[in-house]
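Listed below, chain by chain, are the residues.
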Amino acid sequence: MLPIVEVQNLRKTYGTTVAVDDVSFSIQAGEIFGILGPNGAGKTTTVESLIGLRQPDRGKVRVLGLDPQRERTALAQRIGIQLQQANLADRLKVWEALDLFGSFYTRTVPWQPLLEQWGLAEKRDTAFVNLSGGQKQRLFIALALLNDPEVVFLDELTTGLDPQARRNTWKLVQEIRAQGKTVVLVTHFMDEAEALCDRLAIIDRGKVIALDRPAALVRGLGLDSRVIFESDAGVNLADLRALPQVNQAIQNGQRVTVYGKGDGLVSGVVKELEAHISFQNLRTEQPSLEDVFIHLTGRQIRE
Ligand SMILES: Nc1ncnc2c1ncn2[C@@H]1O[C@H](COP(=O)(O)OP(=O)(O)OP(=O)(O)O)[C@@H](O)[C@H]1O
Ligand SMILES: [Mg+2]
């Protein structure tokens, strides 16, 4: 089957800034595909090259088999876009926005059901400026779906939303896919990528540094799990480090973090502790995409 999106050796510079150095990936129909990376990594430049808003210096880009530069008008009818810097005129009412955007397309879905689906029915006559952050985001999603697109590009959809609104938005993204659409999700949130994406490309400094399913990325690197606890008694780190499943043990004030792998890690640590000292608040953490990023780059995603 033809991929929905195909990118080969994409490069884009702005003067002396190399925004996208060398990016390749392809996206299959029905996927939620993530483009994940820190601020300035080149995510927006990549995605805007896919939708014909930026002209690449080099490389091949195809979306639905079309060249986004030469066939931009045809492509625009078949894709949905929510841009990172999206904004509307303050006084524009919700229904007017839908009406206006609908006029750009040769074919649209009726917008009343869209408003209901995205929880905006009661806001039909509300001016854009008077919508909450979450409502604005939902309006942008509704606008992106107006032409019943085959593929939807969402750039930093949940930035600026509170945790509850973010989770609600995640459900909406899953609903878009459930309607048979392909979703390209740009984010710098690790948890969001992990929760939503079937596959993702981690982009750093204009390059793809990892490309796979989130779980496979985490498992593939064989990263350590962590056992974390607090203790006000003296902890013998050497004894913990001597356990067969343990790779490292670090103390920071009362907080001790033990790194290791294997089924016996937690029980081994607990047994050792119970024999010698009192401890509180013991919990375990599995390796996450955050750890993958740190492992690959030596940096936190936000620094
Ligand atoms: N129009 C432009 N003119 C000049 N430089 C630009 C332009 N757009 C982006 N850049 C630069 O290109 C690099 C990549 O920017 P881009 O917006 O693609 O990153 P991003 O991964 O989307 O970042 P963020 O997470 O902050 O949205 C950055 O160094 C940025 O400053
Ligand atoms: Mg961006």
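Heads up: these notes are all about the structure in this document. (Residues numbered from 1 in each chain as written. Chains lettered and ligands numbered in written order. Predicted model: local features only at pLDDT ≥ 70, side-chain atom pairs only at ≥ 80, totals over all residues. Heavy atoms only, no water.)

**Here's the deal with the overall build of the protein chain**
Next, step 1: Tallying secondary structure elements over the protein chain gives 11 helices and 13 strands in all.
Next, step 2: Expressed as lengths along the three principal axes of its C-alpha atoms, the size of the protein chain is roughly 75 × 45 × 40 Å.
Next, step 3: In the protein chain, which comprises 303 residues, the proportion classed as buried is 47%.
Next, step 4: Across the protein chain, the fraction of contacts at a sequence separation of at least 24, relative to all contacts at a separation of at least 6, is 66%.
Next, step 5: Working note: accessible area of the protein chain is about 14,600 Å², and carbon and sulfur atoms make up 46% of it.
Next, step 6: Charged side chains in the protein chain number 35 positive and 37 negative. The centres of these two groups are separated by 4 Å. (Helix = DSSP H or I, 4+ residues; strand = E, 2+ residues; numbered from the N terminus. Buried < 20%, exposed > 50% of the residue type's maximum accessible area, 1.4 Å probe, protein only. Contact = heavy atoms within 4.5 Å. Areas by Shrake-Rupley, 256 points an atom, 1.4 Å probe, with all protein chains shown as cover. Lys, Arg positive; Asp, Glu negative; His and termini not counted. Charge placed at Lys NZ, Arg CZ, Asp CG, Glu CD.)

**A look at helix α1 (residues 43-50)**
Next, step 1: In terms of residue burial, α1 counts as a mostly covered element, since eight of its eight residues are buried.
Next, step 2: Along α1, the residues that are buried comprise Lys43, Thr44, Thr45, Thr46, Val47, Glu48, Ser49 and Leu50.
Next, step 3: After α1 finishes, the residue Gly52 shows a positive phi value of roughly 85 degrees.

**Let's talk about unusual backbone geometry**
Next, step 1: The backbone phi angle of Asn9 is positive, close to 50 degrees, even though this residue is not glycine.
Next, step 2: Tracing the chain through its elements places Asn9 in strand β1 (residues 5-14).

**Considering the side chain of Lys12**
Next, step 1: Relative to the elements of secondary structure, Lys12 occurs in strand β1.
Next, step 2: Notably, Lys12 is buried but unbridged: the nearest opposite-charge side chain belongs to Asp57, and the N-O separation is 4.2 Å.
Next, step 3: Filtering out sequence-adjacent residues up to four positions away, Lys12 remains in contact with Thr17, Val18, Ala19, Val20, Thr45, Arg54, Gln55, Pro56 and Asp57. (Salt bridge = Lys/Arg side-chain N within 4 Å of Asp/Glu carboxyl O.)

**Some remarks on the site of ligand 1**
Next, step 1: Around ligand 1, the structure places 14 residues, and the nearest of them are Gly40, Lys43, Thr44, Thr45 and Gln84.
Next, step 2: Note that an oxygen atom of ligand 1 is positioned 3.1 Å from one of the backbone N or O atoms of Ala41.
Next, step 3: Here an oxygen atom of ligand 1 and a side-chain polar atom of Lys43 are 2.7 Å apart.
Next, step 4: Relative to its unbound accessible surface of 640 Å², ligand 1 loses 63% to contact with the protein.
Next, step 5: The set of elements that each furnish at least two residues to the shell around ligand 1 consists of β2 (17-27) and α1.
Next, step 6: For the shell around ligand 1, the element with the most residues is α1, which contributes three residues.
Next, step 7: Grouping the amino acids of the shell around ligand 1 by side-chain chemistry returns four nonpolar, seven polar and three charged. (Near = heavy atom within 4 Å. Polar contact = N/O pair within 3.5 Å; in protein donor to acceptor, adjacent residues only side chain to side chain. Nonpolar A, V, L, I, M, F, W, Y, C, P; charged D, E, K, R; others polar.)

**Points about a nonpolar patch on the surface**
Next, step 1: On the surface, a nonpolar cluster with roughly 200 Å² of combined accessible area is contributed by Ile209, Leu221 and Leu296.
Next, step 2: Structurally, Ile209 can be placed in strand β9 (residues 207-212).
Next, step 3: Exposure remark for Ile209: the relative accessible area of 31% places this residue in the partly exposed category. (Patch = residues over 30% accessible without salt bridge, like charges linked within 9 Å, V, L, I, M, F, W, Y side chains within 5 Å.)

**Overview of the pairing of strand β12 (residues 255-260)**
Next, step 1: Sheet topology note: the strand β10 (residues 225-230)/β12 ladder contains six bridges and is antiparallel. Within β12, the position partnered with Glu230 by the bridge is Arg255.
Next, step 2: With six bridges connecting them, strand β11 (residues 246-252) and β12 associate as antiparallel partners. Bridge assignment links Gln248 to a residue of β12, and that residue is Tyr259.
Next, step 3: Here β11 folds back onto β12, and the loop between the two strands holds two residues, one of which, Gly253, carries a positive phi near 65 degrees. (Pairing = 2+ DSSP bridges.)

**Examining the packing of helix α3 (residues 94-102) against helix α5 (residues 133-145)**
Axis angle and axis distance: for two packed helices, these are the angle between their axes and the distance between the axes, and together they describe the pair.
Next, step 1: Across the interface, α3 lies against α5 with an axial gap of 10 Å and an inter-helix angle of 25 degrees. With respect to their mutual orientation, α3 and α5 come out roughly parallel. With respect to the hand of their crossing, α3 and α5 are arranged in right-handed fashion. Here Val94, Ala97, Leu98 and Phe101 of α3 lie close against α5, whose contacting residues are Leu139, Ala142 and Leu143.
Next, step 2: Partitioned by chemical class, the residues of the contact of α3 with α5 number seven nonpolar, no polar and no charged. (Axes fitted to C-alpha atoms, helices over the stretch in contact; angles between N-to-C directions. Parallel < 35°, antiparallel > 145°, perpendicular 65-115°, else oblique. Left-handed = near helix turned anticlockwise from the far one by under 90°.)

Function cannot be inferred from these measures alone, as they are strictly geometric.
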